[in-house]
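Fold and geometry: a report
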Amino acid sequence: MFAFSLRLLCISMFSLVFCASCRKTERIVVNERRELIVADQGNHSLVAVMPPEWRQVPSTEFRMLNYRFGDSGEVFVGRSRGGLMPNINRWLGQFGKPGLENADELPKVAMLGQEGVLVTASGDFAGGMGRAARKNAGLAGVIVAIGDQLITVKMMGGADAVAAEQERLIKFCEGLRIRSADRGADRGADSK
Amino acid sequence: MAKSSSSIPVRLFRFFSGFGLAVTCLLLLLILTWLSTLEQPAKGLYEVQKRYYDAEAWYVVPELDWLPKINGKPVSLPLPGAYLVSAVLFVNLFLGGILRIRKGWKNIGVIISHFSMISLLIAGFVSHHYSKEGIMAVYQGDTSDFAQSYTEYTIEVAEIVNGEKEKPYVLPTEHLKNLGADQSRVFEIPELGFELNVSGWMRNSARVKVDKDDAGKDVIEVDGWALQWLKTNPTEELNLAGCHVDVFVGGDQEKTARLVLHGGDPNACTITVDGKIYGLRLMREIWPMPFQVRLDESIGEYYPGTRKPSTFQSDITRIADGSEQAFRIKMNEPMRYGGYTLYQARWEDSGDRPMSGFAIVKNPSDQWPKYSLYISILGLTIHFGMKLGGFVGKSSKTKNKEVSSDQATA
Amino acid sequence: MSKENSSKRRSKIGRWIAFILVVLLLGGYGLYTLRINVSSEKPRVIEGYELWQDDVVDVARDIGVQDGGRIKPFSTWAGFTMLQLHGARGMKIEAEGEVVKISPEEFMLDCLFRSDMARKLPIFRIDNSEVISSLATGDLPEEVQRLSGIDNASKNEVIREVVKDKGRRDRYSYAELEPIAPILLARVQKIRKEQPSKAKMTSEQRDTVDLGDKIWLFSGLIYHMDFARADIEIQEGTPAMDKERMKRMSYWVRSFPLLRKAVLEMQPKGEQLPPGIMTLFSDLERRMTRASQDIRFLPPYAEDSEEWLPVGKRIEQVLTGKRAHAEALISDMEMMEDTCLALRDEGQSAFSKQLAAWKKSVHDRMEPKVVGQLGSEVAYGKWNYFYRALVIFIFAFVFVMISWLAPRSKGGRICTGFAALLAVAALGLMIAGITHRSIIMERSPIGNLYDTILFIGATGVLVLLLVELLSKRAVALGLAVFMGMACMFLARRYEIGDANDHMDPLVAVLKSNFWLSTHVVTVTIGYMGGLAAAGLSTIYLFARVLGIDEGDKNFRRAMTRIAYGMVCFTLFFSLIGTVLGGIWANDSWGRFWGWDPKENGALMIVLWCLVVLHARMAGYLREWGIHVAAVFGANIVAFSWWHVNSLSTGLHSYGFIDGLGIIWGFYGLLTAVCLMGMICALLERRGKAKAKTNSKATEN
């Protein structure tokens with residue numbers, strides 16, 4: 001009986017190790033989908049319709065929504081404080097442009113149900129906020145006041161690339177909306 | 001005397017139903033339990049569970065500092081995994097403890113006890129394979145309808161239409177978590193027309209900003225971001241996974257896009273295929289619930305003058321099929337509904353509103369251990385009660401014998 | 001010499017060997033414990049120390065204070081605070097020409113009301129003066145230099161002065177350590193920043209941090225009542241209406257709105273504040289901060305609040321505008337000031353009266369039921385059930401030892417009788433103590449590690465006495481006495497080492513009397529069974545090896561049945577307890593089994609018992625084997641009961657301990673017993689085989 005048990009044990013151990021090393025899967029077909037949930041609406045109230053030419057990249061502390069286009073172009077949506085004119089002049093200052101007294105002359109863009117202003121500049125970017133200085137750079141951005149804070153949509157990149165994307169930027173800003181809480185909950189319930 | 005020769009099936013039956021196998025299995029389980037306990041402080045529970053107790057862990061090589069070393073390398077002592085040993089024990093219990101055991105009133109207690117242990121093992125098997133658990137975090141006043149896995153990661157791929165997400169495709173977690181850092185795996189999504197090659201899996205990582213020019217040849221940089229390997233935290237919930245994903249469209253040999261995904265990212269990264277936008281996100285697996293939970297009030301109390309929790313409780317409203325029902329969930333008092341059980345697992349009030357964390361478990365064998373316990377109490381009481389009675393009777397007989405022999409001698 | 005006489009002689013020698021071994025073991029351990037815990041030095045002379053009168057201590061004893069989340073008597077709070085600081089519940093000093101022992105109540109009264117005396121008491125035991133000398137290394141932070149007036153140049157001199165004339169292991173007073181307190185506390189901060197986890201600190205770092213924590217705790221005590229000492233200095237030039245009242249902080253709390261208004265009116269005019277005012281504000285702020293330490297004497301004023309805020313925090317609330325209960329606070333402050341002044345100006349008799357008024361004021365604001373519990377807890381402390389039980393067990397053990405030397409003699413039987421009576425008496429005390437604790441705590445008897453020691457002791461003694469009733473061989477009785485003595489001793493050592501109040505309320509997840517009474521009780525009984533089985537088997541092994549049993553097969557069979565029965569008992573309770581634990585975990589944490597270390601430990605005990613049972617049924621284990629296995633089982637119980645708590649991991653986070661020293665000793669001892677048994681079994685078997693061969697050869 002002992003010899004038999006020993007033989008059985010050896011065969012089992014060998015089979016074990018053999019089978020353990022055999023299991024390998026390299027290609028998986030995915031068909032499973034899950035139901036939508038409340039959290040799929042995003043972790044903040046902004047709903048943005050991104051143009052297909054852009055790509056969304058990870059957000060950061062200061063960039064609620066963060067996009068890239070082309071090789072080095074970027075668009076990001078953020079919050080700011082300190083008033084409209086200081087922010088406009090800060091952007092202009094990054095390109096060495098003189099500050100403005102008021103925003104009357106700047107083009108207007110409807111964003112989030114308010115009237116925002118479009119700020120553009122091009123030339124040598126002096127750098128700042130983690131970005132290196134750059135020659136022949138471009139800026140296009142929209143700032144709107146919502147309550148006591150500002151929502152900014154800023155596009156940076158090569159001057160030509162920014163100019164080419166400006167129309168898309170304006171369309172993007174016009175498409176930005178704030179999701180209502182009730183709508184979100186209903187959607188979550190409807191999708192089940 | 002001639003040696004009796006039995007057939008192979010009989011010998012197999014004797015082997016699998018024998019005491020020898022039972023003692024061996026029990027000893028092995030004891031050793032595995034002991035070693036896994038000693039490994040836990042350094043490796044963490046998740047890692048130890050995976051290596052010792054998972055169904056796929058057919059063998060385990062203990063990793064402990066005090067194990068003997070040869071030439072500086074610890075001796076490799078492979079042991080069978082606990083799942084395998086439990087499976088063999090199950091067979092042994094059934095064959096030996098139920099079928100082969102002598103039937104009679106003397107053994108009725110033992111048979112009942114064996115039956116209770118078999119049912120306990122079955123409950124464990126069902127729980128291991130069919131139970132699911134996750135955590136639902138809700139702030140007071142908010143509503144939630146999902147739980148998230150504590151530890152298992154998945155990649156979700158969802159089309160984004162007009163800024164809103166469609167139902168996502170979910171890559172199976174079991175094919176991601178066993179990916180090594182040097183391995184890759186291809187996930188085909190036929191309905192979308194592209195496939196994803198996932199590689200460079202890191203169990204714990206950080207997302208770091210990298211200049212394109214500064215990135216070395218070993219660093220994969222995408223849009224100024226790369227992954228940095230971090231040492232695995234023994235507490236698995238604190239590990240943030242990371243990986244690289246190459247997208248191949250329509251069977252192309254050249255990749256359409258490359259993404260760097262990190263488990264800590266709150267948003268998806270997107271690709272555009274045939275004019276459609278798809279968001280990809282690496283995240284802890286989401287488990288949608290068939291009901292919503294609205295946290296009406298979240299109460300946490302500490303003993304006065306201390307940070308020792310006295311009570312954590314949540315008043316919730318469960319919303320399902322258009323109807324609402326109020327519940328109170330407290331520590332040790334979960335809510336059971338439709339096969340789901342919600343437990344008060346966490347409570348925090350570091351923000352402007354308190355937050356309750358509910359552990360949600362779906363386990364078909366939730367109450368089975370309780371029934372096993374009742375059966376086990378019955379069996380053990382019968383058996384040991386009979387033994388005790390016999391002992392008491394024998395003791396008094398022996399003592400009477402000794403006393404009378406002393407008297408006779410006197 | 002006949003075989004019988006030879007056995008008897010061998011048995012006698014064996015008994016004496018066992019007796020000497022036990023004396024050496026217990027005596028050696030006892031001496032070691034005394035050496036590290038009892039100071040051989042002469043009691044320190046404290047000049048000017050006046051002993052507290054009995055009536056003062058009696059009044060103070062049951063004053064309610066809030067600590068650790070519950071309301072407890074002053075004596076309990078004082079006792080555990082003294083344990084934390086001093087490592088003992090008493091301190092011997094020489095005062096008024098005689099050696100006296102200061103009780104915890106007296107110690108705390110000194111700290112609060114006679115801080116000048118408290119500073120002189122030799123409270124802090126430092127086992128290695130390197131802890132102080134090592135403070136000389138490294139530079140002092142600038143802020144510490146500025147506040148303390150000690151710079152890097154003079155630091156070493158200050159440190160040298162402290163350890164001058166001190167032994168490597170010595171006691172220090174706060175007055176002796178005060179000069180280096182800033183340096184020590186700065187070092188503690190640095191250590192904590194580098195290594196937040198105490199378990200990962202080196203032993204020197206841990207000793208430094210422990211000493212720093214004690215200094216911090218003690219300084220919090222002696223400065224706490226500064227707000228009530230009515231010795232606020234009024235500088236020359238400060239307008240003074242009532243100089244005596246102005247020395248009290250309550251006066252300034254009452255006057256603060258007016259004072260604040262006057263200051264605010266002066267500022268816009270650019271008028272300078274009188275110099276005395278800034279010094280006064282500074283003094284008031286310092287006293288308020290000192291009174292904000294975690295000492296809680298006063299019940300809340302608001303009915304819906306349960307927290308007894310420290311006086312300093314209440315003063316802060318009132319001074320920052322929350323004046324809803326200002327009058328009540330001022331009244332309490334005046335009461336406390338009167339108490340301090342009574343002691344300072346009139347003596348202890350007046351102090352006693354004021355203290356009684358303080359107590360009445362506090363107790364009138366508490367629920368009568370809670371006040372009643374204070375008295376009950378004071379009585380619990382006075383009864384000192386477990387210490388008394390320990391003393392009785394020690395006497396009983398002496399009787400047991402004597403009786404085992406000559407068990408069949410008349411003297412032996414009388415000693416056995418006495419031992420049994422004493423054991424029953426001690427058991428009664430243990431049960432009474434555990435019951436009293438449960439009544440005070442309003443919960444099941446076991447809620448933490450300390451409770452398990454008491455419960456294992458009590459149930460072990462009870463079960464073994466019942467076994468003795470059935471077997472009547474004085475073996476189970478001896479083990480019962482030993483187990484009771486060991487558990488009471490262990491409980492004392494643990495309480496002193498841990499220095500935490502184990503009657504404090506339980507965390508939320510444990511608050512279930514049902515599960516505490518079922519799962520925890522059954523698992524603990526399982527631990528007890530494993531230890532009892534090991535004890536019985538140890539006795540069997542020594543009896544057989546040393547020839548004490550005279551080869552008596554009846555004795556051996558009976559002992560084997562008893563030990564085996566105890567293993568079955570252990571299995572019964574451990575298995576049911578473990579499964580109950582899983583069911584509780586399912587209701588608390590959402591999973592029946594999580595491979596938590598504590599769960600694993602309980603499972604290991606169940607598995608070991610099953611191994612023993614099945615190995616016996618299969619014939620793999622016979623007499624020797626069962627006993628060796630039962631002795632080894634105690635290692636598994638020790639692993640499950642104690643060792644897993646030192647791993648500091650897992651969900652059972654309410655019983656973590658530091659250090660494993662004694663557990664390794666336990667493992668070593670029992671493993672040695674197992675090895676002894678195995679070697680003797682092998683030798684006996686070989687001997688039998690040889691004898692068989694020889695007899696065959698002779699036949700042929």
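Definitions and limits used
Each chain carries its own residue numbering, running from 1 in the direction its sequence is written. For this description, chains carry letters from A and ligands carry numbers from 1, given in the order in which they are written. A pLDDT threshold of at least 70 governs which residues receive local features in this predicted model, and a stricter bar of 80 or more applies before side-chain atom pairs are shown or counted, although totals over entire chains, interfaces and linings include all residues. Side-chain measures here rest on the full set of heavy atoms in the structure, leaving out hydrogens and waters. Strands here mean DSSP runs of E at least two residues long; helices mean DSSP runs of H or I at least four residues long; both are numbered from the N terminus. Exposure classes here rest on a 1.4 Å probe applied to the protein chains alone. A residue is buried below 20% of its type maximum, exposed above 50%, and partly exposed in between. Contact between two residues is taken to exist if any of their heavy atoms lie within 4.5 Å; hydrogens are not considered. Here the Shrake-Rupley method, with its probe set to 1.4 Å, supplies the accessible areas, and only the displayed protein chains count as covering residues. His is not counted, nor are the chain ends, whereas Lys and Arg count as positive and Asp and Glu as negative. Charge positions come from single atoms, namely NZ of Lys, CZ of Arg, CG of Asp or CD of Glu. What makes two strands pair is DSSP finding at least two bridges between them. Inter-axis angles, ranging from 0 to 180 degrees, are taken between N-to-C directions of lines fitted to C-alpha atoms, where helices are fitted over the stretch in contact. For our purposes a nonpolar core is just a set of buried Ala, Val, Leu, Ile, Met, Phe, Trp, Tyr and Cys residues, chained together by side-chain atoms within 4.5 Å. Here the term patch refers to residues with relative accessible area over 30% and no salt bridge, with like charges joined within 9 Å and nonpolar side chains (Val, Leu, Ile, Met, Phe, Trp, Tyr) within 5 Å. Salt bridges, as used here, are contacts in which a Lys or Arg side-chain nitrogen is within 4 Å of a carboxyl oxygen on Asp or Glu. Classification of ring pairs uses Phe, Tyr and Trp, with its six-membered ring standing for Trp, and accepts pairs whose centres are within 6.5 Å; under 30 degrees between planes counts as stacked, over 60 as edge-to-face, and the remaining range as tilted. Defined in terms of a 1.4 Å probe, buried area is the accessible area two parts forfeit on being brought together, summed over both. In protein, a polar contact means a hydrogen-donor-capable atom and an acceptor-capable atom, both N or O and within 3.5 Å, with residues adjacent in sequence counting only if both atoms are side-chain atoms; elsewhere, any N or O pair within 3.5 Å suffices.

**Some thoughts on the overall build of chain A**
Looking only at helices and strands, chain A features four helices and ten strands. Each helix and strand of chain A, placed in order from N terminus to C terminus, yields the pattern α-β-β-β-β-β-α-β-β-β-β-α-β-α. Residues classed as buried in chain A amount to 44% of the 192 residues present. For chain A, long-range pairs separated by at least 24 residues make up 52% of all intrachain contacts whose partners lie at least 6 apart in sequence. Accessible surface, chain A as shown: approximately 10300 Å² in total, 56% of it carbon and sulfur.

**A closer look at the overall build of chain C**
Across its full length, chain C carries 27 helices and seven strands. Counting only C-alpha atoms, chain C reaches 130 × 55 × 50 Å along its principal axes. Pairs at least 24 apart in sequence give 74% of the contacts found in chain C among residues at least 6 apart. Of the roughly 32600 Å² that chain C leaves accessible, carbon and sulfur atoms contribute 58%. Averaging the coordinates of the 85 positive side-chain charges in chain C and doing the same for the 76 negative ones gives two points 13 Å apart.

**Structural notes on the sheet that holds strand β7 (residues 114-125) of chain A**
All names here are of chain A. Read from one edge of the open sheet, seven strands run β3-β4-β5-β9-β8-β7-β6, paired in antiparallel fashion. In this open sheet, the two edge strands, each paired with only one partner strand, are β3 (55-56) and β6 (108-111). Two strands pair when backbone bridges link them, and strand β4 (residues 65-69) and strand β5 (residues 73-80) are joined in this way by five bridges, in the antiparallel orientation. In the strand pairing of β5, Y67 is matched with V75. On the sheet, helix α2 (residues 84-94) packs against β5, β7, β8 (134-146) and β9 (149-158) and is oriented at approximately 20° with respect to β7.

**Side note on the environment of V163(C)**
Residues and elements named next belong to chain C. Following the sequence through the fold, V163 ends up in helix α8 (residues 152-163). Taking the C-alpha atoms as reference points, V163 and I132, separated by 31 residues in sequence, lie 7.5 Å from one another. Ignoring any residue separated from it by four or fewer positions in sequence, one finds V163 in contact with I132 and Y172.

**A short note on the nonpolar core**
Residues and elements named next belong to chain C. One finds F393, L464 and M488 to be the most contacted residues of the largest nonpolar core, which totals 152 residues. Ranked by residues supplied to this core, first place goes to helix α23 (residues 513-545) with 17 residues. Look past the residues within four positions of M488 in its chain and what remains in contact with it is F386, A389, L390, F393, M430 and L454.

**Comments concerning a positive patch on the surface**
On the surface, a cluster of positive charge is made up of K106(B), K387(B), K394(B), K397(B), K3(C), K553(C), R557(C) and R616(C). Contributing elements (two or more residues each) for the positive patch: α7 (368-409) of chain B together with α24 (553-588) of chain C. Among the elements that take part in the positive patch, α7(B) stands out by supplying three residues, more than any other. With respect to the element layout, K394(B) can be found in helix α7.

**Here we look at the packing of aromatic side chains**
Given two aromatic rings, one states the distance between the centres and the angle between the planes to describe the pair. Residue and element names in this part refer to chain C. On inspection of all chains with the given rule, the structure shows 45 aromatic pairs over all chains. Ring plane angle 80° and centroid distance 5.6 Å describe the contact between F124 and F218, whose orientation is recorded as edge-to-face. Note that F124 is positioned in strand β6 (residues 124-126) and F218 in helix α11 (residues 203-224), a separation of 94 residues in sequence. Classification of F124 as buried rests on a relative accessible area of 0%. The class of F218 is buried, set by a relative accessible area of 0%. Between W593 and W595, the aromatic rings sit 5.8 Å apart at their centres with planes inclined by 85°, giving edge-to-face as the arrangement.

**Thoughts on the side chain of H502(C)**
With respect to the secondary-structure elements, H502(C) resides in the loop between α22 (475-498) and α23. H502(C) sits in the buried class, given a relative accessible area of 8%.

**Things to note about the interface of chain C and chain B**
Counting residues at the interface gives 59 residues for chain C and 52 residues for chain B. Across the chain C to chain B interface the summed buried area is about 4800 Å²; carbon plus sulfur atoms make up 70%. For chain C, the biggest contributors to the area lost against chain B are L470(C), D587(C) and W595(C); these three give 12% of the whole. One can count one salt bridge joining chain C with chain B. In this structure, R336(B) engages D587(C) in a salt bridge whose closest nitrogen and oxygen atoms are separated by 3.1 Å. Top element by residues in the side of chain C that touches chain B is α24(C). It accounts for 15 residues.

**Structural notes on the sheet that holds strand β14 (residues 257-262) of chain B**
Strand-to-strand pairing in sheets goes through backbone hydrogen bonds, with the strands running parallel or antiparallel. With mixed pairing, the five strands of this open sheet are ordered in space as β1(A)-β9(B)-β10(B)-β13(B)-β14(B). Unpaired on one side and paired on the other, β1 (27-29) of chain A together with β14 of chain B mark the two borders of the sheet. Neighbour-to-neighbour, the strand axes of the sheet open up by a mean angle of 25°, direction not taken into account. Of the strand pairs in this sheet, strand β13 (residues 242-249) of chain B and β14(B) are connected by six bridges, and their pairing is antiparallel. Within β14(B), the residue paired with H244(B) across the bridge is V260(B).

**Quick word on the interface of chain A and chain B**
In this complex, chain A contributes 49 residues to the contact, which on the side of chain B involves 52 residues. Summed over both partners, the interface of chain A with chain B buries about 4900 Å², with 55% contributed by carbon and sulfur atoms. Joining chain A to chain B, the criterion identifies eight salt bridges. Note that D40(A) and K165(B) form a salt bridge whose closest N and O atoms lie 2.9 Å from each other. For the interface between chain A and chain B, the tally reads 20 residue pairs in polar contact (both at pLDDT 80 or more). Of all the secondary-structure elements, those providing two or more residues to the side of chain A that touches chain B are α1 (2-22), β1, β3 and α4 (181-190) of chain A. Examining the composition of the side of chain A that touches chain B, we find that seven residues originate from one element, α1(A), more than from any other. Inspection of the sheet shows β1(A) paired to strand β9 (residues 184-189) of chain B by three bridges, in the parallel sense. When the bridges of β9(B) are listed, V29(A) appears paired with E188(B).

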